[in-house]
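This is what each chain is made of:
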Amino acid sequence: MSDAPVATGQAAVDQLLEVLDLAQTGEMAFRGMSPPVGPQRVYGGQVAGQALVAAGRTVDPERAVHSLHGYFVRPGDPAEPIDYQVENVRDGRSFSVRRSVALQHDKPIFFMSASFQRQEEGLDHHAPLPPDVPAPDDVPTMTDRLSRYPERLGIWGQIPRPIDVRYVGEPGWVRPGDRPAEPHQRVWMRIDGKLPDDPLLHACALTYASDLTLLDSVLSVHGEVWGPGGVVGASLDHALWFHRPFRADEWFLYDCWSPSASGARGLATGRMFTTDGRHIASAVQEGLLRRVGG
């Protein structure tokens, strides 16, 4: 294990920007790399974010992404580059649709459809921000929480942290028995530094962040935790809808809950709100969840 300090703040954000900055290898082909230090499998938010970068670079910048739907079909190897092949499904008068496939060893590990729309005016309403949620500065930082559970840290104590994550309740990586059952998991998040003003990049950064805590809301219903004495899991699919303009480097509340779990699968859904109450995005994910021994 390295004794070098874990990158945080702008240094970690700059590393995330490098991960999202794909190399173009053909007219509709791109290549991405994983961070030099990370989990044994490629983080799902990384491959989804990179797939959106690839798709978005083939679309008129005047058209913003409004939805994506993806499936994780094989675990990704972080030691190998990921090739992205983009298919132009349609360019209409208002919408553009792309299919982005992530490949390793010539086999798909993830595929995604994404839809982009030119700006239009129309009806406008949304559900309100959940009441009585403490502000980001009023809940513990990730460093504060991790200091209580050094034995649960593992690889997460070595990898960069480009996202400032602040759990309103107990996270899923505490010790078994330390987590009360809660119907919602609420987390304040923001990219922990400054991002360029490119709206596509902010959408890709939000996609990266959206996979981080969503599935944990299934465990929250039961007071369960990840790892020894709890549950192991993997994302099966991921859907995200972007509703309103936002900056991923400003605080947003990720309000997540699980409507159902059965058959070793759990369904999670989440809404993202700015601090002033604008509903900026919604996510849905199903994951594989299996119990493990202590």
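As the structure is a computational prediction, the values presented were derived from the model and not from experiment.

1. As for unusual backbone geometry
- In this structure, D106 is a non-glycine residue whose phi angle is positive, near 65°.
- Secondary-structure assignment places D106 in the loop between β5 (95-104) and β6 (107-118).
- We classify D106 as exposed; its relative accessible area is 76%.
- A positive phi angle, near 60°, is found at D132, a position not held by glycine.

2. Regarding the side chain of Q46
- When you line up the elements, Q46 lands in helix α2 (residues 44-56).
- Q46 sits in the buried class, given a relative accessible area of 4%.

3. Concerning the packing of α2 against helix α4 (residues 199-210)
- Interaxial distance between α2 and α4 falls to 7 Å at its minimum, and their mutual angle equals 160°. In terms of axis orientation, α2 runs roughly antiparallel to α4. Here α2 runs over α4; the crossing is right-handed. Residues G45, Q46, A48, G49, L52, V53 and G56 of α2 pack against L200, A203, C204, T207 and Y208 of α4.
- Residues of the contact of α2 with α4, tallied by class, amount to seven nonpolar, five polar and no charged.

4. Quick notes on the UniProt feature "domain: Acyl-CoA thioesterase 2 C-terminal" (unreviewed entry) in the protein chain
- When the UniProt feature table is mapped onto this chain numbering, "domain: Acyl-CoA thioesterase 2 C-terminal" (unreviewed entry) sits at residues 177-288.
- Structurally, residues 177-288 comprises 17% helix and 46% strand, and the distance from its first C-alpha atom to its last is 22 Å.

5. A look at the nonpolar core
- Grouped together as the largest cluster of nonpolar side chains are 65 residues, with contacts concentrated most on L52, Y84, F110 and F242.
- Discounting chain neighbours no more than four positions away, the residues touching Y84 are L22, M28, A29, F30, G32, V47, Q50, A51, A54, S100, V101 and A102.
- If you look at the next biggest cluster of nonpolar residues, it comprises five residues, including V133, V139, W188 and L253.

6. Brief notes about the packing of aromatic side chains
- In total, this model carries five aromatic pairs according to the counting rule given.
- Between the aromatic rings of Y43 and Y208, the centroid separation amounts to 5.0 Å while the plane-to-plane angle is 75°, which identifies the pairing as edge-to-face. Linking Y43 in the loop between β2 (29-32) and α2 with Y208 in helix α4, this pair joins segments that are 165 residues apart in sequence. Each member of the pair Y43 and Y208 is classed as buried.
- Centroid distance F242 to F246: 6.2 Å. Interplanar angle 10°. Geometry classified as stacked. A single burial state applies to F242 and to F246, both of which are buried.

7. Some details on the pattern of salt bridges
- Tallying each qualifying case throughout the model produces 18 salt bridges.
- Of the charged contacts, one joins D137 and R166 as a salt bridge, the two residues approaching to 3.6 Å between their closest N and O atoms. Linking D137 in the loop between β6 and α3 (142-146) with R166 in strand β7 (residues 163-167), this pair joins segments that are 29 residues apart in sequence.
- Measuring nitrogen to oxygen at the nearest pair gives 3.6 Å for the salt bridge that ties R148 to E170. Residue R148 is found in the loop between α3 and β7, and its partner E170 is found in the loop between β7 and β8 (184-191); the two are separated by 22 residues along the sequence.
- Owing to a relative accessible area of 40%, R148 belongs among the partly exposed residues under this scheme.
- Relative accessible area serves as the criterion here: at 24%, E170 is assigned to the partly exposed category.
- Residues joined in a network through salt bridges with shared partners are D137, D164, R166 and R190.

Rules used in this analysis
- Residues numbered from 1 in each chain as written.
- Predicted model: local features only at pLDDT ≥ 70, side-chain atom pairs only at ≥ 80, totals over all residues.
- Heavy atoms only, no water.
- Helix = DSSP H or I, 4+ residues; strand = E, 2+ residues; numbered from the N terminus.
- Buried < 20%, exposed > 50% of the residue type's maximum accessible area, 1.4 Å probe, protein only.
- Axes fitted to C-alpha atoms, helices over the stretch in contact; angles between N-to-C directions.
- Parallel < 35°, antiparallel > 145°, perpendicular 65-115°, else oblique.
- Left-handed = near helix turned anticlockwise from the far one by under 90°.
- Contact = heavy atoms within 4.5 Å.
- Nonpolar A, V, L, I, M, F, W, Y, C, P; charged D, E, K, R; others polar.
- UniProt positions renumbered as here; feature names shortened; annotations may be inferred.
- Core = buried A, V, L, I, M, F, W, Y, C linked by side-chain atoms within 4.5 Å.
- Phe/Tyr/Trp six-rings, centres within 6.5 Å; stacked < 30°, edge-to-face > 60°.
- Salt bridge = Lys/Arg side-chain N within 4 Å of Asp/Glu carboxyl O.

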